[in-house]
Amino acid sequence: MMDRSLFEENVMGLLSELYGAALRLAKNRDDAEDLVAESMEKAWTNRASLKDAGRFRPWIFRILTNAFMSDCRKRAVRPVQALFPEGGSDQVTDFSLFERLHQPFLLWWSNPEKEFLNKLLSKDIEKAVDALPETFRAVVVLSDLEGFSYQEMAEILRVPVGTIRSRLARGRGLLQKALWEHAKDAGLIKSK
């Protein structure tokens, strides 16, 4: 079992990452702080379940993610049916921001993808991530913001790697589509 000083050392090293992930998941500071506090309490109480101290990071993120998902179920913020967009996966996976922006003749002057992404403010990206359904947001946050591998995310969320890949693809597709729509609404891209 992990002793108090080692536990504190591990937690302090990950606290900002945990808070960042909690903020992305919970969408507000108060809930994020509560989520981190609840996760720390659960981690301390269940520290005997950690078999390999080298796996502390995925273990603590699993606790954080599970606490978030449990809280969502308790609050019933979104029914299960709302976690997947209407009309199946084709609507989500068929959208490609790169294909929409990539016009070969534009490459003579500059990189349109880079210019477009530079125009989007980080707050706009944060809003788009926040708007993702919880199931997809959790995977996007763990992968793209926290840098976990597919295998680590599968362990954290306790789902098969194939489910991780599917949720990540759909989450990224929803994110791309939301950013595309935002760019059109903001006048950054002309509608055809």
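Nothing here was measured: the structure is a model prediction, and the numbers come from that model.

### Re the overall build of the chain
Counting its regular elements, the chain contains 10 helices and 0 strands. Traced from its N-terminal end to its C-terminal end, the chain shows the element sequence α-α-α-α-α-α-α-α-α-α. When each of the 192 residues of the chain is scored for burial, the buried share is 40%. For the chain, the proportion of contacts with a sequence separation of at least 24, taken over those separated by at least 6, is 71%. Carbon and sulfur atoms form 53% of the exposed surface of the chain, whose accessible area is close to 11,300 Å².

### A short note on the packing of aromatic side chains
Overall, the coordinates contain 4 aromatic pairs when judged by the stated rule. With 5.9 Å between their ring centres and 85 degrees between their planes, Phe 7 and Phe 56 make a pair best called edge-to-face. With Phe 7 in helix α1 (residues 4-26) and Phe 56 in helix α3 (residues 56-75), the pair connects residues that are 49 residues apart, well separated along the chain. An identical accessibility class is assigned to Phe 7 and Phe 56; each is buried.

### Examining the nonpolar core
Ranked by size, the top nonpolar core spans 43 residues in total, and within it Phe 56, Trp 59, Ile 60, Phe 61 and Leu 64 carry the most contacts. Secondary structure elements with two or more residues in this core: α1, α2 (29-45), α3, α7 (122-131), α8 (134-145), α9 (150-157) and α10 (161-185). In terms of residue count, the dominant contributor to this core is α3 (10 residues). Setting aside its immediate chain neighbours within four residues, Phe 61 contacts Glu 17, Leu 18, Ala 21, Leu 142, Glu 146, Phe 148 and Ile 156.

### As for α9
Of the positions making up α9, those classed as buried are Met 153, Ala 154, Ile 156 and Leu 157. Here the buried residues of α9 occupy an arc of 165 degrees about the axis, which is enough to place them on one side. Structurally, α9 contributes buried residues whose contacts are with α3, α8 and α10.

### Details of α2
Over its 17 residues, α2 runs 24 Å from end to end, which matches the ideal 24 Å to within 8%, given 1.5 Å per residue. The set of residues buried in α2 consists of Ala 32, Leu 35, Val 36, Ser 39, Met 40 and Ala 43. Each buried residue of α2 sits inside an arc of 135 degrees when the element is viewed along its axis, so together they form one side. The exposed residues of α2 that point more than 90 degrees off its buried face are Asp 30, Asp 34 and Thr 45. The inward-facing, buried residues of α2 abut α1 and α3. Its side-chain oxygen 3.2 Å from the backbone nitrogen of Asp 30, Asn 28 forms the N-cap of α2.

### Digging into the packing of α1 against α8
Helix packing for two helices is described by the angle between their axes and how far apart those axes are. Between α1 and α8, whose axes approach to 9 Å, the crossing angle comes to 150 degrees. Classified by the angle between their axes, α1 and α8 sit roughly antiparallel to one another. When you trace α1 past α8, the crossing you get is right-handed. Touching Ala 21, Arg 24 and Leu 25 of α1 are Arg 137, Ala 138, Val 141 and Leu 145, all from α8. Here the residues of the contact of α1 with α8 are counted per class, giving 5 nonpolar, no polar and 2 charged.

Thresholds applied
Residues numbered from 1 in each chain as written. Predicted model: local features only at pLDDT ≥ 70, side-chain atom pairs only at ≥ 80, totals over all residues. Heavy atoms only, no water. Helix = DSSP H or I, 4+ residues; strand = E, 2+ residues; numbered from the N terminus. Buried < 20%, exposed > 50% of the residue type's maximum accessible area, 1.4 Å probe, protein only. Contact = heavy atoms within 4.5 Å. Areas by Shrake-Rupley, 256 points an atom, 1.4 Å probe, with all protein chains shown as cover. Phe/Tyr/Trp six-rings, centres within 6.5 Å; stacked < 30°, edge-to-face > 60°. Core = buried A, V, L, I, M, F, W, Y, C linked by side-chain atoms within 4.5 Å. Arc of directions from axis to C-beta. Expected span 1.5 Å × (residues − 1). Polar contact = N/O pair within 3.5 Å; in protein donor to acceptor, adjacent residues only side chain to side chain. Axes fitted to C-alpha atoms, helices over the stretch in contact; angles between N-to-C directions. Parallel < 35°, antiparallel > 145°, perpendicular 65-115°, else oblique. Left-handed = near helix turned anticlockwise from the far one by under 90°. Nonpolar A, V, L, I, M, F, W, Y, C, P; charged D, E, K, R; others polar.

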